[in-house]
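So you can see what is in the structure, the chains are spelled out below.
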Amino acid sequence: MAGKSSMRGRQTVRDMVLSMVAIGGVVAVGYAFMPHSEGDGVHAVEYRAAASSAKRDAPFPLLSPEGLPEKWKATSVEYRDGSRAGNNGHNTWHLGFVTPSGQYAAVEQSDAPRADVLAAMVAGAEADGTATVDGASWDKVQGRKARALAVQTGNATTLVTGTASYEELEQLADALK
């Protein structure tokens, strides 16, 4: 009797393995013929509602872009109230983008001291001249891995920063309202 039971057990395992191979083949063929997205892998986010809400709460003139070309893809948005734990009593606004050239650019605003904002956002920041954007003078700042345009807006420091070129940063800064 033990011989028949052992033989049946091996057949059951063999049948299960053959079934899994057959199913795997069907799945592989189906996947090969399924249409695939050729997207750029960027997960875009809607930021306008968050900006509108943050503008009501922020104790400084919060800025967000209007009229940027569609090739600018917003990827992150966050407003942090200074009264929340972990924010050191400072209000912050962040809006990140992938630029048309595939680089990163962000709007960073905070009512923290300017030196603290620069140190946190642009490691190794050094003055790099000025740029005039929409009639206003912005300080150019070059860091080890990123650069920024910086300006004082009310009681907040506004940075347009990232790995993007100064030209793209200026385009983003020009769209801020």
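Whatever comes next refers back to the structure up there.
Keep in mind it's a predicted model, so treat the numbers as computed, not measured.

Rules of the game
Residues numbered from 1 in each chain as written. Predicted model: local features only at pLDDT ≥ 70, side-chain atom pairs only at ≥ 80, totals over all residues. Heavy atoms only, no water. Helix = DSSP H or I, 4+ residues; strand = E, 2+ residues; numbered from the N terminus. Buried < 20%, exposed > 50% of the residue type's maximum accessible area, 1.4 Å probe, protein only. Contact = heavy atoms within 4.5 Å. Areas by Shrake-Rupley, 256 points an atom, 1.4 Å probe, with all protein chains shown as cover. Pairing = 2+ DSSP bridges. Axes fitted to C-alpha atoms, helices over the stretch in contact; angles between N-to-C directions. Polar contact = N/O pair within 3.5 Å; in protein donor to acceptor, adjacent residues only side chain to side chain. Patch = residues over 30% accessible without salt bridge, like charges linked within 9 Å, V, L, I, M, F, W, Y side chains within 5 Å. Salt bridge = Lys/Arg side-chain N within 4 Å of Asp/Glu carboxyl O. Phe/Tyr/Trp six-rings, centres within 6.5 Å; stacked < 30°, edge-to-face > 60°.

Quick word on the overall build of the protein chain
Stage number 1. Across its full length, the protein chain carries four helices and seven strands.
Stage number 2. Mapped from its N terminus to its C terminus, the protein chain presents α and β elements in the order α-α-β-β-β-α-β-β-β-β-α.
Stage number 3. Out of the 177 residues in the protein chain, the part that is buried amounts to 34%.
Stage number 4. Of all intrachain contacts in the protein chain linking residues separated by at least 6 positions in sequence, the fraction that spans at least 24 positions is 49%.
Stage number 5. Summing over all exposed atoms, the protein chain offers an accessible surface of approximately 10,800 Å²; the carbon and sulfur share of this is 56%.

Some details on the environment of His90
Stage number 1. Here His90 is to be found in the loop between strand S1 (73–80) and strand S2 (92–98).
Stage number 2. Taking the relative accessible area as the measure of exposure, His90 reaches 26% and is therefore partly exposed.
Stage number 3. Each C-alpha atom, one on His90 and one on Arg80, is 8.2 Å from the other, the two residues being 10 residues apart in sequence.
Stage number 4. For His90, the contacting residues outside a window of four places in its chain are Arg80, Asp81, Gly82, Ser110, Asp111, Ala112 and Pro113.

Considerations on the sheet that holds S2
What links the strands of a sheet is backbone hydrogen bonding, and the strands pair in either a parallel or an antiparallel sense.
Stage number 1. Reading across the sheet, the seven strands line up as S1-S2-S3-S7-S6-S5-S4 and stay open at both edges, with antiparallel pairing between neighbours. Each edge of the sheet is formed by a strand with only one pairing partner; in this case those strands are S1 and strand S4 (126–133). Strand-to-strand twist across the sheet, computed as the mean angle between neighbouring axes with direction ignored, equals 20°.
Stage number 2. In this structure, strand S5 (residues 136–142) lies alongside strand S6 (residues 147–153), joined through four bridges in antiparallel fashion. The residue of S6 that forms the bridge with Lys140 is Leu149.
Stage number 3. Docked against the sheet, helix H3 (residues 114–121) engages strand S3 (104–110), S5, S6 and strand S7 (156–162), running at close to 20° with respect to S7.
Stage number 4. Sheet contacts for helix H4 (residues 166–175): S2, S3, S4, S5, S6 and S7; angle to S6, the most-contacted strand, approximately 30°.

Regarding the pairing of S4
Stage number 1. Relative to S5, S4 runs antiparallel, the two being bridged by six bridges. Within S5, the residue paired with Thr132 across the bridge is Ser137.
Stage number 2. Hairpin connection from S4 to S5: two residues lie between these consecutive antiparallel strands, with Asp134 at a positive phi of about 50°.

Thoughts on the side chain of His94
Stage number 1. Structurally, His94 is set in strand S2.
Stage number 2. In this structure the side chain of His94 is engaged in a polar contact, spanning 2.7 Å, whose partner is the side chain of Glu108.
Stage number 3. In contact with His94, not counting residues within four places along its chain, are Ser76, Val77, Glu78, Tyr104, Ala106, Val107 and Glu108.

Remarks on a nonpolar patch on the surface
Stage number 1. Taken together, Val13, Met16, Val17 and Val21 make up a surface patch of nonpolar side chains, about 370 Å² in accessible area.
Stage number 2. Take Met16: it is sitting in helix H1 (residues 2–33).
Stage number 3. Looking at Met16, the relative accessible area reads 49%, which means it is partly exposed.

Focus on the packing of aromatic side chains
Stage number 1. Under the defined criterion, the tally for this structure stands at two aromatic pairs.
Stage number 2. Ring plane angle 75° and centroid distance 5.6 Å describe the contact between Tyr47 and Phe97, whose orientation is recorded as edge-to-face. Pair noted here: Tyr47 is in the loop between H1 and helix H2 (48–57) and Phe97 is in strand S2, with a separation of 50 residues, a long-range link. Exposure class is identical for Tyr47 and Phe97. Each is buried.
Stage number 3. When the centroid spacing of 6.0 Å and the interplanar angle of 80° are considered together, the rings of Trp72 and Phe97 count as edge-to-face. Remark: Phe97 occurs in strand S2 and Trp72 occurs in the loop between H2 and S1; sequence separation between them is 25 residues. The burial state of Trp72 is the same as that of Phe97; both residues are buried.

That is the geometry; function is a separate question.
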